[in-house]
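Each chain, written out:
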Amino acid sequence: MMKNVQWFSVLVAAFLLSACAANVTPFQYFTLKPLETGKASNTKTSIGVSPVEIPGWMDRANLVVNDGGYELKRYDVQRWGEPVQDAITRTLTQNLNALLPESDVESGPWLRSQSPDLAVKVAINNLAWYDSTLELDTRVTLMKKQVRVQSRTIKLTRNLPENSSPQQLVEGISYLLADLSQRIQKDVVAQQ
């Protein structure tokens, strides 16, 4: 009789575990895509891209955007394939490598003795998605040998289709980073 109860308990536990496993929604993982092509400049210099600063609410595995006001929209099963700060820094570095092929573009941090001729610091103030508009609000600072030579706010927008999917959202972010990279490229060329 005791063996029957044990077997029955094992079967119930296995049934419950399999029922839970059947209802698990698989995660979707996303990454940012760098520029495929761009109008390259012939600037020859060493350029360092500092790790991008992001708001605390963006620093998580799930995709999160601001609604343009006080609310955040967090996706449950749509996640970044790497830390979002690393993804943004990597994408900006790759974009600038494509736009400035004659320059040596690396992401930081770096040793003071190995600091680049020009450092690019990007701080993301906000990433908002409202009324089919995706908006990236940033502060871009250029530094030459630890001295700030330029600092400005850049706000970029991109229209997305109504009821866009998370994939379209990530594509939109990649496009905004490409636009931002092109603006940084112009600032770098102006500093030469």
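Here, the structure is the one placed above.
Residues numbered from 1 in each chain as written. Predicted model: local features only at pLDDT ≥ 70, side-chain atom pairs only at ≥ 80, totals over all residues. Heavy atoms only, no water.

Some points on the pairing of strand β6 (residues 118-130)
- Most of β6 sits inside the fold, with 10 of its 13 residues counted as buried.
- Where β6 and strand β7 (residues 133-144) come together, 11 bridges link them in antiparallel fashion. Bridge assignment links valine 122 to a residue of β7, and that residue is valine 140. (Buried < 20%, exposed > 50% of the residue type's maximum accessible area, 1.4 Å probe, protein only. Helix = DSSP H or I, 4+ residues; strand = E, 2+ residues; numbered from the N terminus. Pairing = 2+ DSSP bridges.)

Some thoughts on helix α2 (residues 84-99)
- With 16 residues, α2 extends 22 Å between its outermost C-alpha atoms, agreeing within 8% with the 22 Å of an ideal straight helix rising 1.5 Å per residue.
- By the burial criterion, the buried members of α2 are Val84, Ala87, Ile88, Thr89, Thr91, Leu92, Thr93, Asn95, Leu96 and Leu99.
- Where the residues of α2 are buried, they touch β2 (46-49), β4 (72-80), β5 (104-107), β6 and α3 (166-191). (Expected span 1.5 Å × (residues − 1). Contact = heavy atoms within 4.5 Å.)

A short note on the environment of serine 164
- Relative to the helices and strands, serine 164 resides in the loop between β8 (147-159) and α3.
- Engagement of the side chain of serine 164 in a polar contact is seen with the backbone oxygen of proline 161, the distance being 2.4 Å. (Polar contact = N/O pair within 3.5 Å; in protein donor to acceptor, adjacent residues only side chain to side chain.)

Notes on the pattern of salt bridges
- All told, the structure shown has 5 salt bridges when counted by the stated rule.
- Here aspartate 76 makes a salt bridge to arginine 74, at a shortest N to O gap of 3.2 Å.
- Its salt-bridge partner being aspartate 187, residue arginine 152 comes within 3.1 Å of it at the nearest N-O pair. Placement of arginine 152 in strand β8 and of aspartate 187 in helix α3 is noted, with a sequence separation of 35 residues between them.
- The exposure class of arginine 152 is partly exposed, given its relative accessible area of 29%. (Salt bridge = Lys/Arg side-chain N within 4 Å of Asp/Glu carboxyl O.)

A look at the side chain of glutamine 150
- Checked against the element boundaries, glutamine 150 lands in strand β8.
- On the basis of relative accessibility, which here comes to 19%, the residue glutamine 150 falls in the buried class.
- Polar contacts involving the side chain of glutamine 150 include one to the side chain of aspartate 187, which spans 3.1 Å.
- Dropping the residues within four chain positions of it, glutamine 150 is found in contact with Val140, Thr141, Leu142, Asp187 and Gln191.

Quick word on unusual backbone geometry
- In this structure, the amide linkage connecting glycine 108 to the following residue, proline 109, adopts the cis form with an omega of 5°.
- Inspection of the secondary structure puts proline 109 in the loop between β5 and β6.
- Unlike most non-glycine residues, asparagine 163 shows phi in positive territory, near 55°.
- In this structure, asparagine 163 sits in the loop between β8 and α3.

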